[in-house]
Amino acid sequence: MGALDEGHFCADLENGMKLDISDLGLEKKPETIAIEDAVKVLLQGLGEDVNREGLKKTPLRVAKALREGTRGYKQKVKDIVQGALFPEVGFHDGVGHAGGAGGLVIVRDLDLFSYCESCLLPFQVKCHVGYVPSGQRVVGLSKLSRVADIFAKRLQDPQRLADEVCSALHHGIKPAGVAVILQCFHIHFPNLESIFLDAQHQGWVKVLVSSGSGVFENENAVAWSDFLGLLKFRGVTVEKILIRDSTEQSWCPSYSSSGAKISPELVAPNPGMVAAVASILRSLGEDPLRKELVETPTHFVRWLMNFQNTNLEMKLNGFACGRTDLKRSREVCSHNNEQMHSELNLSFWSQCEHHLLPFHGVVHIGYFCPEGFNPIGKTLLQSIVHFYGFKLQVQERLTRQIAEMVSSILGGDIMVVVEANHTCMISRGIEKFGSNTATIAVLGRFSTDPAARTMFLQSIPNSTTSGIL
């Protein structure tokens, strides 16, 4: 995100900051260059100019984000666990009791992200991991988080992620048992056709999975009662945990939406784009022919084609008609008793042009119109929001474009607020979970009247884009 002059700002920023040596070396790696080349093919397949401002550095940004987000392939659990085991008197072999008290140790609410192996979109994870010590030794608590992160930083499926974390900790620290529970949240990105037909589109697929070893291997073991008892205020109950293997076809929206209406142009994705995604998988150290990855390039390309430039320009004709009539009505009643009207919480979905990662949220639109003038319909405003959302975008530009379009219909006094959650804020090195971004555009009276701006801002409900996790 960010609509600043990229050429000057980025140069100044990089010259003024101490960059990580390993990060600089990453840019010259053959794998990084191969991903860059593949991303250029994808951008060209969308009808984009890879040399335009805003996209010049996108191939490199995407390559660095993907390699950073899959660094777990090059990390080993033993390098983390070795040297992090400490003797602790009172933890006895096999039982895990300390001074007569239960020896269960839990680290809760670890925020992780992983890339879905079925569609290559990031998904969020709230991880709870615990173990019962044995052999009079405990492991440094931070190591539980680091081990979980190793396996999260790979192309993943929720159940396999839980199993791999559980198995690695069991073999690494040799406890009496390990328990892992993951709350996973996958963005369910609609296609342009379905979003107009389904106003109640659910934006997230949520799943709760578990894995256990040792004293936790039996799902009905008493040890699980203690573990779940310490998670009761987090909405985790045994009834909500999915039965193993039940997520095989239902977890990723790319499968669950397979029966939805899809535009003819999306049925057979561009072969060159599909080959480019397969090349990305190879560059990340994966095998595109692995059973779980065979359909991934097609799924990713179908999702990406939602943002194709040439298709979207035609869709404006479906709702921009009649603008002249609306202007005439506005002009007839443009002088007395104007009232402020607003339309709040209009959903939007978009794609960051800097990282090719989704961002989504809500749009609030305020405007003045005279008494007796019929306020603009919600359907029209929502259509405008979707039109500008389903493009490669930055939030600042999206906000301005919506304001200018609504202004062209109504004739002037417009204020637009966009609140958004950006996937790039969690799935890159910054990893700022729960953050969100707000942008404002003002035209006409709103640009000179602080009281009008305040009145509109106070009408916006709180926490409209609160984080999922």
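Residues numbered from 1 in each chain as written. Predicted model: local features only at pLDDT ≥ 70, side-chain atom pairs only at ≥ 80, totals over all residues. Heavy atoms only, no water.

Caption draft 1: Broad picture of the pattern of salt bridges. Across all of its chains, the model carries 14 salt bridges by this definition. Between R400 and E404 there is a salt bridge, with its nearest N and O atoms 3.4 Å apart. Of this pair, R400 and E404 both sit in helix α18 (residues 395-410), four residues apart, roughly one helical turn. Look at the salt bridges and you will find they share partners, linking E117, R160, E164, E286, R290 and E292 into a network. (Salt bridge = Lys/Arg side-chain N within 4 Å of Asp/Glu carboxyl O. Helix = DSSP H or I, 4+ residues; strand = E, 2+ residues; numbered from the N terminus.)

Caption draft 2: View of the packing of helix α17 (residues 378-389) against α18. In contact at an axis separation of 10 Å, α17 and α18 are set at 140° when each is read in the N-to-C sense. The angle between the axes of α17 and α18 places the two elements in the oblique class. Between α17 and α18 lies a crossing whose hand is right-handed. Each of L380, L381, I384, V385, Y388 and G389 in α17 lies in contact with α18, whose residues at this interface are L398, Q401, I402, M405, V406 and I409. Its residues placed into classes, the contact of α17 with α18 shows ten nonpolar, two polar and no charged. (Axes fitted to C-alpha atoms, helices over the stretch in contact; angles between N-to-C directions. Parallel < 35°, antiparallel > 145°, perpendicular 65-115°, else oblique. Left-handed = near helix turned anticlockwise from the far one by under 90°. Contact = heavy atoms within 4.5 Å. Nonpolar A, V, L, I, M, F, W, Y, C, P; charged D, E, K, R; others polar.)

Caption draft 3: Structural view of the pairing of strand β8 (residues 177-187). Where burial is concerned, most of β8 is hidden: eleven out of the eleven residues are buried. Inspection of the sheet shows strand β5 (residues 122-132) paired to β8 by ten bridges, in the antiparallel sense. Paired with G130 across the strands is A179, a residue of β8. Alignment of β8 against strand β9 (residues 204-214), held across eleven bridges, turns out to be antiparallel. Opposite A179, over in β9, you have G212 as the bridge partner. (Buried < 20%, exposed > 50% of the residue type's maximum accessible area, 1.4 Å probe, protein only. Pairing = 2+ DSSP bridges.)

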